[in-house]
Amino acid sequence: MTTMPMLSLLTLLPAVGAAVVMLCGERASVARRVALGFSLLALGVVLVLWSRFDPSVAAMQFEERRAWVALLGAEYRVGVDGMGLLMLLLSAVVTPLAMAASWKVKERAPLYFALMLLVESCLFGAFTALNFFHWFIFWEIGLVPAYFLIRLWGGARRAPAAMQFLVYTMVGSVGLLLAFLALFQAAHTFDFTALAAMAHSGQLMPAVTAKLATHRFMPHHVAMLVFAAAFLGFAVKVPLVPFHTWLPDAYAEAPTGTTILLTGAMSKMGVYGFLRVLAPIFGAQMVRARTPLLWLAVATIVLAGFAALAQKDLKRIFAYSSVNHLGYCMLGLFAALGATGAGAANESAAAMSGVLLQMFNHGLTAATVFLCIGYLESRIGGLRGLDDFGGLRKTAPVLAGLMGIALFSSLGLPGLNGFVGEFLIFKGVFPLAGWAASVSVLGLLVTAVFILGVIQKVFAGPVTARVAAMADLSVRERVAIAPAIALMFVLGLCPQLILGTVNTTVLQMVQGWVR
Amino acid sequence: MNWMHNPLLTMAMPEAVVTATALVILAVDVMGLRGAGRRARFAVAATIATVGAAAAGVVLHHGGMGCVLGGVLTATPLIHFVQAAILALTAVALWSAVDTPFTENAGEFALMTLLAAVGMMFLVATADVLVLFVALELVSLSLYLLAGFDKRSARSAEAGLKYFLFGGMSAGFLLFGFSLLYGLANTTRMTALATAVAGMGANPLLLVAMVMVVIGFGFKVAAAPLHFWAPDVYEGAPLPSAAVIASVSKVASFVAFYRVLTLALPAASGEAWRHGAPGWAVAVAAVAALSMLWGNLVAIAQTSVRRLLAYSAVGHAGYMLLGIVAHTNQSLQALVYYAVTYAVTTLGAFAVVAAVEQQTGGDTLADFEGLSRRSPVMAAGMMVFLLSLAGIPPLAGFFGKFYLFTAVLAMPERSLGLIWLVVLAVAMSAVSLYYYLQVLKRVYVVEPAASAGEMTVPLLRRVLVSVLALAVVALGAAPNVLLRFIVVQ
Amino acid sequence: MLAGTIYISMLGALVLALMPRSARNAARWVALLTAAAGLAMALASFAAHRDGALFTITRVPWVPQMGIEYYLAADGISLCLAVLTGIVAVAGILFSWDVELRTNQFFAFYLLLIGAVYGVFLSRDVFLLFVFYEIVIIPKYFLIALWGSTRKTYGAMKLAIYSFVGSAMVLVGLMAAWVRSGGHGTSLEALAAGGYPHHFQMVAFPLVFVGFAILAGLWPLHTWAPTGHVAAPTAASMLLAGVVMKLGAYGCLRVAMTLFPEGMGPWGHTVLGMASWRDVLAVLAVVGIVYGAMVAMVQRDFKFVIGYSSVSHMGFILLGLMTLNQVGMSGAVLQMFSHGLLAGLMFAVVGRMVYARTHTRDLTELNRMDLHRLLPFAAFAFVVAGMGSMGMPGFSGFVAELMIVIGAWRAFPVLAMITGVGVVVGVAYIWRAMQRAFFIEPGVEAQAPHEPLGAITLPEKLGTLLLAGTSVVVGLYPQVLLNLIVPALNAPIFEPLRRGVWQ
């Protein structure tokens, strides 16, 4: 255990960077370099943390505790376990990629990069917080820079897209806040671990219903209501169908760097929320609602997949694809939660390992795919329709090749990182909820179809006039994308690198669920 | 009975000093100063008057307490205080007349004013209704003359005449009431009257007498519905006269009114509201309520500042009458405090109005526009005076109202019977802020009309207004300074 | 030492009144130094009395005949509000650096107002509190009538009369209380121990509470507030919405609730579902929250949005007071502090940064100017202020509103839910105003303003930093204020309140 408040410093670092960027003057070239520097510095810190992390310990590490507002049960408590550390790593990896995609932003670049750094700060804060009070602060504040990133630098329909993004997420947050207020009335604490312990021992919900049952609701209805309110907050963020309708517009209208942040890291806040907050505290309710939840997950996977198939805009295709990929995470979680029977523990463990892996891998892959789309956009003057491209592999083979790798990873080709997570999820879910897994396979198939379609339309085929004029990747761009591609291979062949770190966490999680 | 006159003379020495001063002023003015300028003549008169008043004050201070001839004249600390206040206020009023050109006859003016002061001193000191009537007549006649003193102005003559007609009629009522009381009690001594009246119950003659007395005094203090003379007199009379009528005479009248009712007719006071029993308290309460309503509501519509002050005076009379309705020691103390500070404030307000009138020739709201630029001292003084009248702390008017209303609430013992009157009073105070702010808005917010030139206010007037304003602030911030002297046993 | 805040402000006002009209720069600096000195004194006392207990500053007899004393004392609540006054005062002067017309008189009235406000917060004698409370009315009138904008004379008069009527109600209650308690004295302790009969309190409580609550913007007696705030010049709006409205709420807590606690008890019968004055006032507070928010949503004038937002936020404070539990009431006091800062900042942005430059407050016209390009700092300041105002976590408003909602949930669950709706509408109208005022609709042609807009000056930036910074500090570490507020609420004088539903 280190005595330096590493996590707090890590969270503060990008915010400081944002201030420095704003003070650095008006020149875009200075701003982006400073910003990139700070994000790489953050990555370095996370890697240090990774190296110092002890994978065999199940409890929170690098923990910091400080009394804050006693009257509200609010305490400043941060710490990471395997899952949290993984998310930190993801955020730290995705942000430089997002900045690389934003290299060509000229107008008010310092503000742009400062806002990006603020988002990263909020991500770090949310992934390390262990008390609802400051977790919620980061969750909410993160919306504001994201809103402005979309609103000020986005596409033609950025205003309604940004507003929708904001409104949806805020409404969800309100539900979340109300649920936690109800929990606070009962438990007088906002601490996640304490609440989870109370829930595990069966004390939490009776206390909640005791406080609220003065109204004409039955006790278990009260518990479900509170759960539903909290569920709403996270379901909007992931997003789960049918709360996803904000996403395609937001992802499409946002500038590509912002889309990378959104899909690479911010969407994981939702899944993380399910794992850190909902499952431990509302586990019993989730088990009761298992079937509807599984249906939601399946619907997300399948419907999003088919929707992606119908799109003509590259960004929209991969927006829906993101929804689809995260649906697998949800599937794995919901199936694992209600696991019963012999061997359930193993299968749940497999599913959850898959979920965590998928979170990271999808983040990495989606970021890379959008980065490539960004490169395409910048070469073709902002167009991103499927039909605008053709025969790219002849004109820009390197770009085509690297993008192809990323696309195959997204598809789930064995040997690349995208495969392992999905494999583990299905491995775990088939025994636990066979019907859901079977239907979800449709999602896999559809994904294959539309990705191959993209490859065919964009890379193969006759070279269109516009594509003929496109240059290949510059040195700088290759340097930016190469590590991501390399990581895809590495993780595809050695997923142990991640699994080793998160294993203990997964086992502890699963142990809590299986009785 | 030679030796009986000595106590009378001793008791009446202050009044004698003032009368002598008045005659001296007249003599000096007639004989020596006919050729001098108006201002010099007034200054000399005011100086001599001040000296005389100071001397009378010294005599008062050394004078003993007690009563003479069974109540023809009495002396208590409270009476001495009121008399001292009358003297001081009269002196100030004379000084404010120095800069106001309305007549050349300084001596006669000073004489009339001082004679009115003498009358007031007797008015508050007597405990015999007949002597009271004579003193009241002395005051009234002097004031009628003062109201009509500006021979060049038709309005002044009109004011004087109206005042005289109204005053004469209500003096008649008062005398008739007193004669009925004499008929019932066979004495004019107030204490003896009290004993005689105590056993009378609801005698119709007594009730008639009480109503007459209330009418008579109601006129004097300008309470509705007997106030109709006030707007015209305030508007038409020359400013120093109006100042005296509005300030000093009110102090004396209220105290005299209180004394008559509580000394002569205490048993017939009746409980206002509680049992609806007949008594003068009910009548006074009704008059008070009407005054508060009428005065404040009509003041809103006024465009002439003098008339506005007149109607506001009606409203303030209403508040002060509440002190009489309550008739406790505390309410008397509050009433005297209120009346004295009200007099100071009114003197100041009239001084400012005089300054403005001298420059623009009129006293409408429009003439006050931009006063803050034309004369900051006058404007600041006006703000102090009007806000004190409105009842804004920490000015004297606020404490006066607070003390008075609290004293009213405290009577009868702890049962808040008069709460509705107090609520009405407080509500009307809130209304009054509106029209006072209208004047102040003109003074401070509106820019002066292009035609309004530079305003030169004589130093004396500026000093006077400043001193009065400071007094209002000081008396409000440290009311104890004044309250210590208002001793009610 | 803390009383120095009052005296130095009044002295500063006097000095400024006597200065010549042309000495503008000197006037500004005198005002700023005076206000800064006041703030320093308040902060020094704040640091010295961290435990929130009551301490006497001065106590001398004033009018012995009535038992009135010049009695100044401060507990945790008073200290917090004194610090708030100091901060808003300094910020207001910074934002009024450009006043050219009669500068010395402007700051004289301003400092007089500040001195009287300090006086209200520090008075422990109810008569003295009332004196200071009334003194506030006159400088307010002149600040608006002389230096205001839209319908200034009407707005000023309406504000003055409403305030005076409210004070009149309080005066009647005060006098009745003094009489009823035996006339021993007017200090808070003496009047609180008055032993008033139940039926007396049932009448006196609503009278005095509503009298104070008029100034606090209780619905439906709030109509003076939007008119007055819009008419007022920027610094006056900041003070009015930021501090003076809090005087009303403070009076409600310090006087009405302390002297007549039984007045909040049940009547014994129900009217429309409400069983006590407490219920009635809580309902009115919530109506104010929702009504203020909804009306703010449809305003075309930028300043009116903020004006109605003040009404909405004051509703939170009144609701918090009515919860009668520790969390709710602490939240109410915290909201007084928080809203004081944020309302001040919002009016500063709208009035000084935007209106003084663009000479328009119409949201449609502002939208066409795409102000976030021309005045990026103003946009940033408003975003920060707006986030705080809507209850974004990390700012003081979030903690305060959270505590009030928690308290309300315990006392009035249904009302708490409606309040939640109000919070959501709050987000909506702030966001709408921010969007429309600063960010042009995509696709609309930008129209440059008629004259070039001046850059944001250093005093404005400092003022923003002061207000926003304090809000963030309190938002992240509310304990700094709660350490004073909670012990103050636990003081013996609030014992009768606690015997109710305290938790």
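Because the structure is predicted, anything quoted here is derived from the model rather than measured. (Residues numbered from 1 in each chain as written. Chains lettered and ligands numbered in written order. Predicted model: local features only at pLDDT ≥ 70, side-chain atom pairs only at ≥ 80, totals over all residues.)

> Mind showing me how you'd approach the overall build of chain B here?
For chain B, the helix and strand inventory stands at 21 helices and 2 strands. On C-alpha atoms alone, chain B measures out to a radius of gyration of 22 Å, which is about the 23 Å that the 2.2 N^0.38 rule sets for 489 residues. Pairs at least 24 residues apart make up 78% of the contacts formed inside chain B by residues separated by at least 6 positions. (Helix = DSSP H or I, 4+ residues; strand = E, 2+ residues; numbered from the N terminus. Rg over C-alpha atoms; globule rule 2.2 N^0.38 Å. Contact = placed C-beta atoms within 7 Å.)

> What am I meant to see in the overall build of chain A here?
A count of helices and strands for chain A gives 23 helices and 2 strands. Its C-alpha atoms give chain A a radius of gyration of 22 Å, within 12% of the compact-globule value 24 Å for 515 residues. Principal-axis analysis of the C-alpha atoms gives chain A an extent of 70 × 55 × 45 Å. Counting every position in chain A, which comprises 515 residues, the buried fraction comes to 60%. For chain A, restricting intrachain contacts to residue pairs at least 6 apart in sequence, the fraction spanning at least 24 positions comes to 80%. (Buried ≥ 20, exposed ≤ 12 C-beta atoms within 10 Å, placed from the backbone.)

> What is the right way to read the interface of chain B and chain C from this model?
It is common to give the size of an interface as the accessible area that goes away when the parts come together. If you look at the interface, chain B gives 27 residues, while chain C gives 29 residues. Of all the secondary structure elements, the ones that give two or more residues to the side of chain B that touches chain C are helix H18 (396–409), helix H19 (419–445) and helix H21 (480–483) of chain B. For the side of chain B that touches chain C, the element with the most residues is H19(B), which contributes 13 residues. Across the side of chain B that touches chain C, the residue classes break down as 22 nonpolar, 3 polar and 2 charged. (Nonpolar A, V, L, I, M, F, W, Y, C, P; charged D, E, K, R; others polar.)

> Would you explain the packing of helix H14 (residues 305–326) of chain B against H19(B) in this entry?
Angle between the axes and distance between the axes are the two parameters that describe a pair of packed helices. Residues and elements named next belong to chain B. For the pair H14 and H19, interaxial distance at closest approach is 11 Å and the crossing angle is 160 degrees. The angle between H14 and H19 places the two elements in the roughly antiparallel class. The chirality of how H14 crosses H19 is left-handed. Of the residues in H19, those touching H14 at Val305, Leu308, Ser312, Gly315, Tyr319, Leu322 and Val325 are Leu421, Ala425, Met428, Ser432, Tyr435 and Val439. Along the lines of polarity and charge, the residues of the contact of H14 with H19 split into 10 nonpolar, 3 polar and no charged. (Axes fitted to C-alpha atoms, helices over the stretch in contact; angles between N-to-C directions. Parallel < 35°, antiparallel > 145°, perpendicular 65-115°, else oblique. Left-handed = near helix turned anticlockwise from the far one by under 90°.)

> Quick question: what am I supposed to make of the packing of helix H13 (residues 302–323) of chain C against helix H19 (residues 413–438) of chain C here?
All names here are of chain C. For the pair H13 and H19, interaxial distance at closest approach is 11 Å and the crossing angle is 160 degrees. Considering their axes alone, H13 and H19 lie roughly antiparallel with respect to each other. Crossing of H13 over H19 shows left-handed handedness. For the pair H13 and H19, contact is made by Phe302, Val305, Ser312 and Leu319 and by Thr419, Gly422, Gly426, Tyr429, Ala433 and Ala437, respectively.

> What's the story with the environment of Phe136(A) in this structure? I'm lost.
Within the secondary structure layout, Phe136(A) lies in helix H5 (residues 132–141). Along the sequence, Phe136(A) and Ala228(A) sit 92 residues apart, while their C-alpha atoms lie 18 Å from each other. Setting aside residues no more than four positions away along its own chain, Phe136(A) makes contact with Leu177(A) and Pro393(C).

> Honestly, the nonpolar core in this entry has me stumped. Any pointers?
Considering soluble globular proteins, one finds that nonpolar side chains tend to be buried as a cluster. Ranked by internal contacts, the top residues of the largest apolar core, which has 640 residues, are Val325(B), Val408(B) and Leu318(C). Take this core: its biggest share by element is 20 residues, from helix H15 (residues 329–360) of chain B. (Core = buried A, V, L, I, M, F, W, Y, C linked by C-beta atoms within 7 Å.)

> Just to check I follow, could you spell out the interface of chain C and chain A for this structure?
The interface is formed by 23 residues belonging to chain C together with 20 residues belonging to chain A. At the level of secondary structure, the elements contributing two or more residues to the side of chain C that touches chain A comprise helix H14 (326–358), helix H18 (396–411), H19 and helix H21 (479–489) of chain C. Considering each element in turn, the side of chain C that touches chain A owes the most residues, 6 residues, to H18(C). In the side of chain C that touches chain A, the residues fall into 18 nonpolar, 4 polar and 1 charged.

> What is the right way to look at unusual backbone geometry in this model?
It is generally the case that most residues other than glycine have a negative phi and that most peptide bonds are trans. The residue after Val241(A), namely Pro242(A), is reached through a cis peptide bond having omega 5 degrees. Mapped onto the elements, Pro242(A) comes out in the loop between helix H10 (219–237) and helix H11 (247–253). A cis amide bond, omega -5 degrees, links Pro393(B) with the succeeding residue Pro394(B). When you line up the elements, Pro394(B) lands in the loop between helix H17 (376–390) and H18. A positive phi angle is found at His188(A), which is not glycine, with a value near 55 degrees. A positive phi angle is found at Arg151(C), which is not glycine, with a value near 50 degrees. Structurally, the position occupied by Arg151(C) is in the loop between helix H6 (137–147) and helix H7 (152–180).

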